[in-house]
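Structure at a glance
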Amino acid sequence: MSDNFIQIGNLEFEEIKSSLIDYLKKQEIIKDYSFEGSATQVLLDILAYNTMYQAFYMNMVANESFLDTAQRLQSVISLVKPLGYVIPGKTSATGTLKIRQGGLDTVIPRYSRFTGRTQDGIVYNFYSNTEHVLDTDGEADIVVYEGKQLVAQNPVSVDPGTQKAFLSGIDIDLRTLKVEVKKKEDEDYSEWAFSSNINTNITNESKVFFLERSELGYFLVFAGRSPTGSEEQVGERIEEDDLVRVSYIVSSGSNGNGCGNFSSTNGFTVETIYISSGGMNEPDLEEIKFFAPKWFASQDRAVTVNDCKAILAKELGLSQDSFNVFGGEELDPPIYGRVFVSLRGNENQSDAAAATEAVAKLKEKCVVSILPEYIVPTDLVANFYGDLGFKSSATRKNVNQITSSFLSAVYERYPNTSFNTTIAVNDILNIATNADSSFKIDSSDVEVSLEGFITPGKQKYHLRQPVSSESFSIVDAESSIDPDYPIVNFESYGGVDKRGDQKIRAYVEDGTFITVIREEAGKINLESGHIIMDEDAITSPVRFSVNPANSFVSGLQDIRLGVNVSNISVYAL
């Protein structure tokens, strides 16, 4: 009877039903019965449905119990709660303004209102989140937060037993939340600070509050319970006669992005420095699942590179491929005591605004001996070129269809220009064979080069990877090297010195004749890919190309790497 067991590995409805029928046919009691009969068929359908339903339910329960596989927002909220990670709801767009009026010591209060307009003429309200004092020139740069509503000094009721109060709505921008408490013995309200549950510096007298996210809003949580015996209280308690009030901005999410032409409702003269950006309607759950454990490990302070990454992801909502953080010891030559952040803003956030906010946040969290700095990213493109053949006898697709399948597969794998990306020739070849089995590919069919832009006024460029000798080239560049030759070419050539540098010369070409304009207009280090150009070499942006020393290219540190396979030709064998 060893072959009479039901196959429990089959979880599809028809497979479960078929397994039940096979089992019933092999048993002795009713083995000659017609199991395809109408009455028995209904019972088997019910059994198969119930089995499939239970299997799906248990699989879903198991998935939602672990952070890596959870799909529901409520599950993720619950799973990251022990990590002290509060999942935000909507995030307000922010803009940067310069105030040019008011004179010395003029104070711009917190929650001062400004208005900004989109290109379509839609007006949105923005509020300052901190108090600002104008400098000696009567100026100040301030960051304002978009808000469809300002809730100011709203009293809330705190349960003395649970030490909790509820704030309704997930469209509260938590960055703007202000909690004030008036103890019965005090004359006025005092502001209490937000703390994560991984803060180890809290005493019984600490004036702090915590946050817990729910499906409908947030819980304000104060001290846990009164100390009894060896138990310790987490922060100062809210007593029955104490008064608590909150202020915050209710966000419109991404609707507030793209506002400029700011003006003040208080009569200040306002200049727009950065238009509003960074507004989001909801967080990215995949990003939260990736960064929440790292944020917990950092214990809300930035010591390691991973600490910095986790803090920026949580505080600013940056995605994995939109920024990178690296230590100064990784540079050549190394710069110790520095941590560098490199990023590009997304469609909702400008580069300059994102960089300013990121550096400011790291300065708050980094230890005293580490200084955060911003480094402008360098965009490079891995340009793959060559010929790929496919067996026409092995497929019904034509050349255009095969090409389309290949291109779609590549750009699905590498959809964006991103940091920390390595792409090898073999990766492209594997994508091709997976896209269509009719490809007949050899490793020599495809090669790769690195392409980027050199701009006037910038002399030094870092590729962060080894390059091949005599492979650097620029074609038809505007230059001021020689007034007789306003358009020149550049190429690396000749021997390599003891530092690993190869010269870059400027030349013009007339048919088969080459005229060298300058023997050394720059140099390139073959080991590090470090490029230095003369100041007068380039007078307008121009594309350069260089071959890597290996069959792969990498986007390391401040390098953002993209992919181009449009120069690969597909043909039928």
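What you are looking at is a predicted structure, and each value in this text was computed from that prediction instead of being measured.

A separate point is the overall build of the protein. Along the protein, the regular secondary structure elements total eight helices and 31 strands. Each of the 573 residues in the protein was classed as buried or not, and the buried ones make up 44%. Nonlocal contacts in the protein, meaning residues at least 24 apart in sequence, comprise 66% of its contacts between residues at least 6 apart. On the protein, roughly 29,600 Å² of surface is accessible, and the fraction owed to carbon and sulfur atoms is 49%.

Across the sheet, which stays open at both edges, the three strands sit in the order β16-β17-β18 with mixed pairing between neighbours. Strand pairing shows two members of the sheet lacking a second neighbour, β16 (323-327) and β18 (371-374), which therefore form its edges. Geometrically, the sheet is characterised by an average inter-axis angle of 25 degrees between neighbouring strands, direction not taken into account. Examined bridge by bridge, β16 and strand β17 (residues 338-343) share five bridges and lie antiparallel to one another.

Reading across from one edge, β7-β13-β9-β10-β11-β12-β8 is the order of the seven strands in this open sheet, with mixed pairing throughout. Edge positions in the sheet fall to β7 (149-156) and β8 (164-168), since each has one partner strand and no second. Averaged over neighbouring strand pairs, the angle between their axes works out to 30 degrees when direction is ignored. Across five bridges, β8 lies against strand β12 (residues 217-221) in antiparallel orientation. Of the residues in β12, the one forming a bridge with F166 is F219.

It is worth spelling out the environment of I402 at this point. Turning to its location among the elements, I402 is positioned in helix α7 (residues 399-413). Judged by relative accessible area, I402 falls into the buried class, the value being 0%. For the pair I402 and F439, spaced 37 residues apart in sequence, the C-alpha separation works out to 9.0 Å.

Moving on to the nonpolar core. Judged by nonpolar contacts, the single largest core of 50 residues is most densely connected at F384, F472, F490 and M533. Tallying contributions element by element places strand β31 (residues 559-572) first for this core, with six residues. The contact partners of F384, leaving out residues within four places of it in the chain, are I423, A424, V425, I428, V446, E447, V448, V563, N564, V565, N567 and I568. By size, the runner-up hydrophobic cluster in this structure holds 21 residues, among which are V179, Y218, I238 and V250.

Attention now moves to the packing of aromatic side chains. In the structure shown here, the tally under the stated rule is eight aromatic pairs. Geometrically, the ring pair formed by F126 and F262 is edge-to-face, given 4.9 Å between the ring centres and 80 degrees between the ring planes. On the criterion of sequence distance, the pair formed by F126 in strand β4 (residues 123-128) and F262 in strand β14 (residues 260-264) is long-range, its members being 136 residues apart. Given a relative accessible area of 0%, F126 falls into the buried group. Judged by centre distance (6.2 Å) and plane angle (65 degrees), the rings of F406 and F439 are edge-to-face.

Attention now moves to the side chain of R560. Relative to the elements of secondary structure, R560 occurs in strand β31. For R560, a relative accessible area of 15% puts it in the buried group. Within polar-contact distance, the side chain of R560 engages the side chain of D379 at 2.9 Å. Among all residues touching R560, those that are not within four sequence positions of it are R344, P377, T378, D379, L380, T417, S418 and F419.

This brings us to the environment of F472. Mapping F472 onto the fold places it in the loop between β23 (460-462) and β24 (473-478). Placed 76 residues apart in sequence, F472 and P548 show a C-alpha to C-alpha distance of 9.8 Å. When sequence neighbours within four positions are dropped, the list of residues in contact with F472 reads I454, F490, E491, S492, I504, I524, I531, M533, F544, S545 and V546.

This part covers the side chain of D242. Of note, D242 is situated in the loop between β12 and β13 (243-250). Among the residues examined, D242 registers a relative accessible area of 9% and is labelled buried. Among the polar contacts made by the side chain of D242, one reaches the side chain of K183 at a distance of 2.6 Å. Side-chain polar atoms of D242 contact the backbone nitrogen of E239, separated by 2.7 Å.

Below, the discussion takes up the confidence of the model for the protein. Within the protein, residue pLDDT values average 82, and 89% of them lie at 70 or more. With pLDDT under 50 throughout, residues 226-230 is counted as low confidence; its partners more than four residues away or in other chains account for three contacts.

Here α7 crosses helix α8 (residues 425-435) at 125 degrees, and the two axes come no closer than 9 Å. With respect to α8, the element α7 is oriented oblique. The chirality of how α7 crosses α8 is right-handed. Between α7, through S405, F406, A409, V410 and R413, and α8, the contact on the second element is made entirely by I428, I431, A432 and A435.

Looking now at the packing of helix α5 (residues 305-316) against helix α6 (residues 351-365). Running from N to C, α5 and α6 point in directions that differ by 120 degrees, and their axes come no closer than 10 Å. Considering the angle they form, α5 stands oblique to α6. Relative to α6, α5 is oriented so that their crossing is right-handed. Taking contact as the criterion, the partners of C308, I311, L312, E315 and L316 in α5 are, on α6, E357, A358, K361, L362 and K365.

What follows deals with the pattern of salt bridges. For the structure on display, the rule yields 23 salt bridges. Residue K98 pairs with E139 through a salt bridge whose shortest N-O separation is 4.0 Å. Taken together, the residues K98 in strand β1 (residues 94-99) and E139 in the loop between β5 (132-133) and β6 (140-146) connect sequence positions 41 residues apart. For the salt bridge of E191 with R110, the shortest nitrogen-to-oxygen distance reads 3.3 Å. Of the two residues, E191 sits in strand β10 (residues 190-194) while R110 sits in the loop between β2 (107-108) and β3 (113-117), which places them 81 residues apart along the sequence.

Here we come to α8. Those residues of α8 not exposed but buried are V425, I428, L429, I431 and A432. End-on, the buried residues of α8 take up no more than an arc of 160 degrees, which puts them together on one face. Along its buried surface, α8 packs onto β19 (378-390), α7, β20 (421-424), β21 (439-440), β22 (446-454) and β31.

Cut-offs and rules
- Residues numbered from 1 in each chain as written.
- Predicted model: local features only at pLDDT ≥ 70, side-chain atom pairs only at ≥ 80, totals over all residues.
- Heavy atoms only, no water.
- Helix = DSSP H or I, 4+ residues; strand = E, 2+ residues; numbered from the N terminus.
- Buried < 20%, exposed > 50% of the residue type's maximum accessible area, 1.4 Å probe, protein only.
- Contact = heavy atoms within 4.5 Å.
- Areas by Shrake-Rupley, 256 points an atom, 1.4 Å probe, with all protein chains shown as cover.
- Pairing = 2+ DSSP bridges.
- Axes fitted to C-alpha atoms, helices over the stretch in contact; angles between N-to-C directions.
- Core = buried A, V, L, I, M, F, W, Y, C linked by side-chain atoms within 4.5 Å.
- Phe/Tyr/Trp six-rings, centres within 6.5 Å; stacked < 30°, edge-to-face > 60°.
- Polar contact = N/O pair within 3.5 Å; in protein donor to acceptor, adjacent residues only side chain to side chain.
- pLDDT = per-residue confidence, 0-100.
- Parallel < 35°, antiparallel > 145°, perpendicular 65-115°, else oblique.
- Left-handed = near helix turned anticlockwise from the far one by under 90°.
- Salt bridge = Lys/Arg side-chain N within 4 Å of Asp/Glu carboxyl O.
- Arc of directions from axis to C-beta.

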